[in-house]
Amino acid sequence: DSGVTQTPKHLITATGQRVTLRCSPRSGDLSVYWYQQSLDQGLQFLIQYYNGEERAKGNILERFSAQQFPDLHSELNLSSLELGDSALYFCASSPRDREETQYFGPGTRLLVL
Amino acid sequence: AQSVAQPEDQVNVAEGNPLTVKCTYSVSGNPYLFWYVQYPNRGLQFLLKYITGDNLVKGSYGFEAEFNKSQTSFHLKKPSALVSDSALYFCAVRPSSGTYKYIFGTGTRLKVLA
């Protein structure tokens with residue numbers, strides 16, 4: 001158990017809908033990262049937050065957005081969902097003194113029908 | 001463009017034999033290098049990292065990796081494979097400065113045969 005929690009574990013929704021994925025980092029970690037893992041694209045870095053501020057942006061679509069709240073939990077919002085958005089979404093956090101080391105949550109499996 | 005390559009989709013090795021999972025990278029400067037392992041229906045677990053210093057890095061579960069700057073490689077190794085090592089292994093890289101973006105390889109499935 002990495003100490004990173006993600007909810008929900010599974011999510012089934014329809015095209016065009018909007019969903020919110022939630023992540024709680026390990027206690028004390030200020031950094032949160034979001035990744036998308038799909039069969040055809042592998043593991044793609046989406047975005048990173050550090051202490052509430054966006055720090056790095058990867059291959060995140062405009063339909064997707066994220067934020068990190070004062071209590072350091074983070075949410076990833078996916079809107080106007082398409083079939084191709086079906087994937088595993090991982091959150092990771094890293095400690096202040098070893099920021100380069102990430103600890104991954106168990107993931108949220110999203111299925112868009 | 002910055003990239004990470006894991007040239008083998010799958011590696012099969014007999015239990016007790018040494019294993020190697022290959023990774024090469026193309027990143028400017030002196031990158032940070034990582035190996036992660038993913039078991040079925042689980043998140044990625046950190047195995048080891050290279051930041052600076054000794055080219056041979058030791059990590060969790062008896063794994064080690066060798067950084068080779070001239071060949072831009074960071075191969076994962078273990079002297080004696082276990083069936084329980086069977087999993088999906090990811091190499092990742094992050095430039096040491098200028099960005100916090102991580103680039104992951106496509107993963108290599110390791111199958112250790114009893």
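One can find the structure itself at the top, above this paragraph.
Turning next to the pairing of strand β4 (residues 31-38) of chain A. Residues and elements named next belong to chain A. The buried fraction of β4 is high, at 8 of 8 residues. Going residue by residue along β4, you find Ser31, Tyr33, Tyr35 and Gln37 tucked away on one face and Val32, Trp34, Gln36 and Ser38 tucked away on the opposite face as well. Pairing analysis gives 8 bridges linking β4 to strand β5 (residues 42-50), with the strands arranged antiparallel. Across the sheet, residue glutamine 36 finds its bridge partner in β5, namely glutamine 44. Between the antiparallel neighbours β4 and β5 lie 3 residues.

Its place among the elements puts glutamine 37 of chain A in strand β4. On the accessibility criterion, glutamine 37 of chain A (13% relative accessible area) is buried. Separated by 49 residues in the primary sequence, glutamine 37 of chain A and serine 86 of chain A have C-alpha atoms spaced 9.2 Å apart. A polar atom in the side chain of glutamine 37 of chain A sits 3.0 Å from the side chain of glutamine 38 of chain B.

All names here are of chain B. Inspection of the entire model under this criterion finds 16 aromatic pairs over all chains. On the basis of an interplanar angle of 70 degrees and a centroid distance of 5.8 Å, the ring pair of tyrosine 36 and phenylalanine 46 is categorised as edge-to-face. Here the residue tyrosine 36 occupies a position in strand β5 (residues 32-38), and phenylalanine 46 occupies one in strand β6 (residues 44-50), the gap between them amounting to 10 residues. Residue phenylalanine 46 is classed as partly exposed on the basis of its relative accessible area, which comes to 21%. Seen in terms of ring centroids, phenylalanine 63 and tyrosine 89 are 5.5 Å apart; in terms of plane orientation they differ by 50 degrees. Their pairing is tilted.

Right, let's get into the layout of surface pockets. Size it by volume and the largest pocket reaches roughly 720 Å³. Lining the largest pocket are 24 residues, and of these Gln37, Leu39 and Leu88 of chain A together with Gln38 and Leu88 of chain B lie nearest its centre. Of all the secondary structure elements, the ones that give two or more residues to the lining of the largest pocket are β4, β5 and β9 (87-94) of chain A together with β10 (87-94) of chain B. Taken together, the residues of the lining of the largest pocket sort by class into 9 nonpolar, 10 polar and 5 charged.

A few words on the interface of chain A and chain B. Contact with chain A, which involves 20 residues of that partner, is made by 18 residues of chain B. With both sides pooled, the region where chain A packs onto chain B buries about 1,600 Å², and carbon together with sulfur makes up 56% of that total. Among the residues of chain A in contact with chain B, Leu43, Glu100 and Phe104 of chain A are the three that bury the most area, contributing 34% of the side total. One salt bridge connects glutamate 100 of chain A with lysine 49 of chain B, and the closest N-O pair in it is separated by 2.4 Å. Taken together, the connections running from chain A to chain B amount to 6 residue pairs in polar contact (both at pLDDT 80 or more). Elements supplying a minimum of two residues to the side of chain A that touches chain B: β4, β5 and β6 (53-57) of chain A. Grouping the amino acids of the side of chain A that touches chain B by side-chain chemistry returns 8 nonpolar, 6 polar and 6 charged.

To continue, consider the pattern of salt bridges. Applying the stated criterion across every chain yields a total of 8 salt bridges over all chains. The partner of lysine 77 of chain B in a salt bridge is glutamate 66 of chain B, with the nearest N and O atoms 3.6 Å apart. With lysine 77 of chain B in strand β9 (residues 73-78) and glutamate 66 of chain B in strand β8 (residues 64-68), this residue pair connects regions lying 11 residues apart in the sequence. Looking at lysine 77 of chain B, the relative accessible area reads 30%, which means it is partly exposed. Lysine 78 of chain B is the partner of aspartate 85 of chain B in a salt bridge, and the nearest nitrogen-oxygen pair spans 2.8 Å. Given the relative accessible area of 8%, lysine 78 of chain B is considered buried. Overlapping salt bridges bring together Arg63, Glu82 and Asp85 of chain A as one network.

A few words now on a nonpolar patch on the surface. A contiguous nonpolar patch, built from Ile12, Leu111 and Leu113 of chain A and spanning about 310 Å² of accessible area, is present on the exposed surface. Topologically, isoleucine 12 of chain A is positioned in strand β2 (residues 10-13).

Rules of the game
One numbering rule holds for all chains: residues counted from 1, following each sequence as written. All chains are assigned letters beginning at A, and all ligands numbers beginning at 1, according to the order in which they are written. Confidence filtering applies because this is a predicted model: local features only for residues at pLDDT of at least 70, side-chain atom pairs given and counted only at 80 or more, and all residues used for totals across whole chains, interfaces and linings. Side-chain numbers come from the whole structure's heavy atoms, not from hydrogens or water. Partly exposed residues are those whose accessible area sits between 20% and 50% of the maximum for their type, while under 20% is buried and over 50% is exposed, using a 1.4 Å probe and protein chains only. A run of H or I in DSSP counts as a helix once it spans at least four residues, and a run of E counts as a strand once it spans at least two, with each numbered from the N terminus. One bridge is not enough; two strands pair if DSSP finds at least two bridges between them. Nitrogen and oxygen atoms within 3.5 Å of one another constitute a polar contact, given that in protein one can donate a hydrogen and the other can accept it, and given that sequence-neighbouring residues count only through two side-chain atoms. By convention, a stacked pair of Phe, Tyr or Trp rings (six-membered ring in the case of Trp) has centres within 6.5 Å and planes under 30 degrees apart, an edge-to-face pair has planes over 60 apart, and any other such pair is tilted. Think of a 1 Å grid over the protein atoms and nothing else: a 1.4 Å probe that fits but is trapped marks a cavity, an open set flanked by protein within 12 Å on at least five of seven lines marks a pocket, and residues with an atom within 4 Å of a point count as lining. Grid points are joined across faces, edges and corners, and a volume is the space filled by probe spheres set on the points. Each residue is assigned to one of three groups, with Ala, Val, Leu, Ile, Met, Phe, Trp, Tyr, Cys and Pro labelled nonpolar, Asp, Glu, Lys and Arg labelled charged, and all others, Gly among them, labelled polar. Residue contacts are counted whenever heavy atoms from the two residues lie within 4.5 Å of one another. By definition, the buried area sums, over both parts, the 1.4 Å-probe accessible area that each loses when the two are put together. By definition here, a salt bridge exists when the distance from a side-chain nitrogen of Lys or Arg to a carboxyl oxygen of Asp or Glu is within 4 Å. Residues qualify for a patch when their relative accessible area is over 30% and they have no salt bridge, like charges being joined within 9 Å and the nonpolar side chains of Val, Leu, Ile, Met, Phe, Trp and Tyr within 5 Å. Residue burial considers only the protein chains on display, and all accessible areas are found by Shrake-Rupley using a 1.4 Å probe.

By themselves these figures say nothing about function.
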